[in-house]
Amino acid sequence: MSISAAAMPLSSVPNVRPLNVLHTSDWHLGRRLYGRMRYDEFEAFLSWLHDAIIAQQIDVLIVAGDIFDTMTPSNKAQALYYEFLGKVSKTCCQHTVIVAGNHDSPSFLDAPSQVLKFLNVHVIGTACDDVSDEVLVLNDADDVPHCIIAAVPYLRDRDVRNSAAGESMDSKDANVISGIHAHYEAVATFAKAHQRALAESHEHYIPVIATGHLFAAGGSTTADDGVRDLYVGNLGKISADMFDDCFDYVALGHLHVPQRVGGREHIRYSGSPIAMGFGEARQQKQVLLIQFGAVTNSSNEEILEDKNLQSNATNNIVTSQPVGVTALITKPETEYANNRLKNTDIKAKYMDDLFGFDESVDDTNNNNTDDKSTENKIAQNLTNPNNQAKLLDEDLSSTVLPASKLLHHDNLRNMQVTSLPIPCFQKLAQVSGDLETIATTIQALTQSLSLSETLWLEVVYTGADIISDLREQVNAMVEGLSCEILITKNPRNYNKVLNQEKSSETLQDLNELEVFERCLSTHEVTDAQKLTLRDAYEQILYNIHHDDSRAE
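Residues numbered from 1 in each chain as written. Predicted model: local features only at pLDDT ≥ 70, side-chain atom pairs only at ≥ 80, totals over all residues. Heavy atoms only, no water.

Student: Would you take a moment to explain the overall build of the protein chain for this structure?
Tutor: Along the backbone of the protein chain there are 16 helices and 16 strands. Scored against the burial criterion, the 552 residues of the protein chain give a buried share of 54%. Taking contacts inside the protein chain between residues at least 6 apart in sequence as the whole, the part at least 24 apart equals 78%. (Helix = DSSP H or I, 4+ residues; strand = E, 2+ residues; numbered from the N terminus. Buried < 20%, exposed > 50% of the residue type's maximum accessible area, 1.4 Å probe, protein only. Contact = heavy atoms within 4.5 Å.)

Here you go:
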């Protein structure tokens, strides 16, 4: 992107502060984990986020969708949302921009938008008929333009294409992608027009930031994160090339794994702030700090470490320590370990984004790493008892929050992106093995806990024997301990167990598609009919999940 003399970098203009933007998404307020309420975690996160906004002197907060977990959020979830917005309005943060995700009710978010504007909270729940309404020019306290936000919400099927009878899946896919692309092109056109006009009148460069709630092609997910397909048949996966070069940064939501898109450092998912499932438990959760203007190029140095913020995080959370969310696989079979690696998509090219605060900013020379070799090494670590013990000790005994880490610095755009680690508010762990291994590991896990901590467990039985009362035996192992079993699984003997008269599997262990597949098998539906029935059922599910019951 060329920068004209009239649109010089922000830091070169006197009396204009550098711009600090905080990017977060996928709060899923009200979400449960296998039936367990998580309001304490949500409240602790929002308290931490409030403190982070003050500590980092944030000017603009962006929430890129999925604020709530359902379209009909509970009173408690709504209270957390509105209380947070009220508190943030009294801080240094001058603007909050919120766009709807696929879990949100657009009309519910839009309903109080006119009132929230008085708090400088800008809400875009529904794709606007006039796309220029999605382009926001945000001013600072001196009424000088800070930035331009292309606030694009989740684009629903009806927002981006017209359905036609007999339309093929390939045609639907092409129309969805074309519609999304056209929407972003239209928004970019208005944003560039505003940018040029403001550059001429204010004689400094105005950065443009876009939002989105979508599934980028090649994006990483985990097996139990609850991320839904956005379009029927999993259509509409977007490439990084779709975003116009005028966007200095693209703040995305929907995927819970923090990552960049297509190797583009300025197009990023912040990820969810808490682990939405046990598959996310080893991820270090984060929010992203985007700074424009007078920024320091310290490409391989830890920066912005705010010890007071870390101390506050510890003090504000009575029942937990500020550590990375914890997970453990103890003595699993190699096949199970490899499947888990496949599900979590742990690949070398994403390692700086998935877990880490231990990779350098410039990883362009490391993109040729042998992904398969990396996965094999990790699988060997997971199946080696000694290495598992080391992982256990490191994960559960750590009480130090990682320092903030510079992910990207761009001299041309005079900007940088930094990851700010989020403390863990509830420890999670996954234990696998035979019954003896599971019992031994649970004992070791609980010994690593402080008196004020509790641990939620997912137990995966990989022993050779079929255990009809697995849930009862595992529950007996944790009696009197500071941990709770949320779910037990038996992937190896899954089919054998299903054939027994007694099964530990319950309906909550299955999702809608799995139940439907059981029905197809039970009724011996032919393969040819299955294809048609699956398409019809997926369309029904899509309509259920995306129907805004609050809309008139």
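Student: Could you clarify how one ought to interpret the packing of aromatic side chains in this entry?
Tutor: Here a ring pair, both rings aromatic, is described through the centre-centre distance and the interplanar angle of the planes. All chains considered together, the criterion is met by nine aromatic pairs. Aromatic pair phenylalanine 68 and phenylalanine 108: ring centres 5.6 Å apart, planes at 75 degrees, arrangement edge-to-face. A residue pair is termed long-range when its members are at least 10 positions apart, and phenylalanine 68 in the loop between strand S2 (60-64) and helix H2 (75-88) and phenylalanine 108 in helix H3 (residues 106-110) qualify at 40 residues. For the residue pair phenylalanine 68 and phenylalanine 108, the accessibility class agrees, reading buried in each case. Put simply, the rings of Trp27, Phe45, Trp48 and Phe84 pair up and form one aromatic cluster. (Phe/Tyr/Trp six-rings, centres within 6.5 Å; stacked < 30°, edge-to-face > 60°.)

Student: Help me understand the side chain of glutamine 430, please; the structure alone is not making it clear to me.
Tutor: Within the secondary structure, glutamine 430 is located in strand S14 (residues 427-433). A polar atom in the side chain of glutamine 430 sits 2.5 Å from the side chain of glutamate 458. (Polar contact = N/O pair within 3.5 Å; in protein donor to acceptor, adjacent residues only side chain to side chain.)

Student: I keep staring at the sheet that holds strand S15 (residues 455-461) and nothing clicks. Help me out?
Tutor: Strand pairing in a sheet relies on backbone hydrogen bonds, with the paired strands running either antiparallel or parallel. Spatially, three strands are ordered S14-S15-S16 in an open sheet, and the strand pairing comes out parallel. Where the open sheet ends on each side, the last strands, each with one partner, are S14 and strand S16 (483-489). Averaged over all pairs of adjacent strands, the angle between their axes in this sheet comes to 25 degrees, without regard to strand direction. The pairing of S14 with S15 spans seven bridges and is parallel. In the sheet register, leucine 428 faces S15, and the bridge partner there is tryptophan 456. (Pairing = 2+ DSSP bridges. Axes fitted to C-alpha atoms, helices over the stretch in contact; angles between N-to-C directions.)

Student: What is the right way to look at the pattern of salt bridges in this model?
Tutor: Think of it this way: side chains of opposite charge can pair up when their charged atoms draw near. For the coordinates displayed, the defined rule picks out twelve salt bridges. In this structure, aspartate 241 and arginine 264 form a salt bridge, with 2.4 Å as the shortest nitrogen-oxygen distance. Residue aspartate 241 is found in the loop between strand S7 (208-213) and strand S8 (249-253), and its partner arginine 264 is found in strand S10 (residues 264-269); the two are separated by 23 residues along the sequence. Here aspartate 241 falls in the exposed class, since its relative accessible area comes to 58%. (Salt bridge = Lys/Arg side-chain N within 4 Å of Asp/Glu carboxyl O.)

Student: Please explain the packing of helix H1 (residues 39-55) against H2 as it appears in this structure.
Tutor: The geometry of a pair of packed helices is captured by two quantities: the angle between their axes and the separation between those axes. As a packed pair, H1 and H2 sit with axes 11 Å apart at the nearest point and diverge in direction by 10 degrees. Accordingly, the angle class assigned to the pair H1 and H2 is roughly parallel. Residues Tyr39, Phe42, Glu43, Leu46, Leu49, His50 and Ile53 of H1 form the contact with H2, whose own contacting residues are Lys76, Ala77, Leu80, Phe84, Lys87 and Val88. Per-class residue counts for the contact of H1 with H2 are nine nonpolar, one polar and three charged. (Parallel < 35°, antiparallel > 145°, perpendicular 65-115°, else oblique. Nonpolar A, V, L, I, M, F, W, Y, C, P; charged D, E, K, R; others polar.)

Student: I keep staring at the packing of helix H12 (residues 435-447) against helix H13 (residues 470-477) and nothing clicks. Help me out?
Tutor: The contact between H12 and H13 brings their axes to 10 Å, and the two run at 30 degrees. With respect to H13, the element H12 is oriented roughly parallel. With respect to the hand of their crossing, H12 and H13 are arranged in right-handed fashion. Contacts between H12 and H13 involve Leu435, Ile438, Ala439, Ile442 and Gln443 from the former and Leu470, Gln473 and Met477 from the latter. Residue composition of the contact of H12 with H13, grouped by class: six nonpolar, two polar and no charged. (Left-handed = near helix turned anticlockwise from the far one by under 90°.)

Student: Please explain a negative patch on the surface as it appears in this structure.
Tutor: Residues Asp129, Asp130, Asp133 and Asp159 make up a contiguous surface patch of negative charge. Structurally, aspartate 159 is set in helix H5 (residues 157-160). (Patch = residues over 30% accessible without salt bridge, like charges linked within 9 Å, V, L, I, M, F, W, Y side chains within 5 Å. Areas by Shrake-Rupley, 256 points an atom, 1.4 Å probe, with all protein chains shown as cover. Lys, Arg positive; Asp, Glu negative; His and termini not counted. Charge placed at Lys NZ, Arg CZ, Asp CG, Glu CD.)

Student: What is the right way to read the pairing of S7 from this model?
Tutor: Every other side chain in a regular strand lies on the same face of the sheet, so the side chains alternate between the two faces. For S7, the tally of buried residues reaches six of six residues, placing the bulk of the element in the interior. Side chains Val208, Ala210 and Gly212 project from S7 onto one buried face, and the interleaved Ile209, Thr211 and His213 project onto a second face that is buried too. Pairing analysis gives three bridges linking strand S6 (residues 145-150) to S7, with the strands arranged parallel. Each bridged residue has a counterpart across the sheet, and for alanine 150 the counterpart in S7 is alanine 210. Where S7 meets S8, five bridges bridge the pair, whose relative direction is parallel. Bridge pairing in S8 links glycine 212 to leucine 252.

Student: Explain unusual backbone geometry here, please?
Tutor: Trans peptide bonds make up the majority, and among non-glycine residues the majority have a negative phi. Within the chain, tyrosine 34 stands out as a residue other than glycine whose phi angle is a positive 50 degrees. Take tyrosine 34: it is sitting in the loop between strand S1 (19-24) and H1. Backbone geometry at glutamate 203 places phi at a positive 55 degrees, although glycine is not the residue there. On the secondary structure map, glutamate 203 appears in the loop between helix H6 (169-202) and S7.

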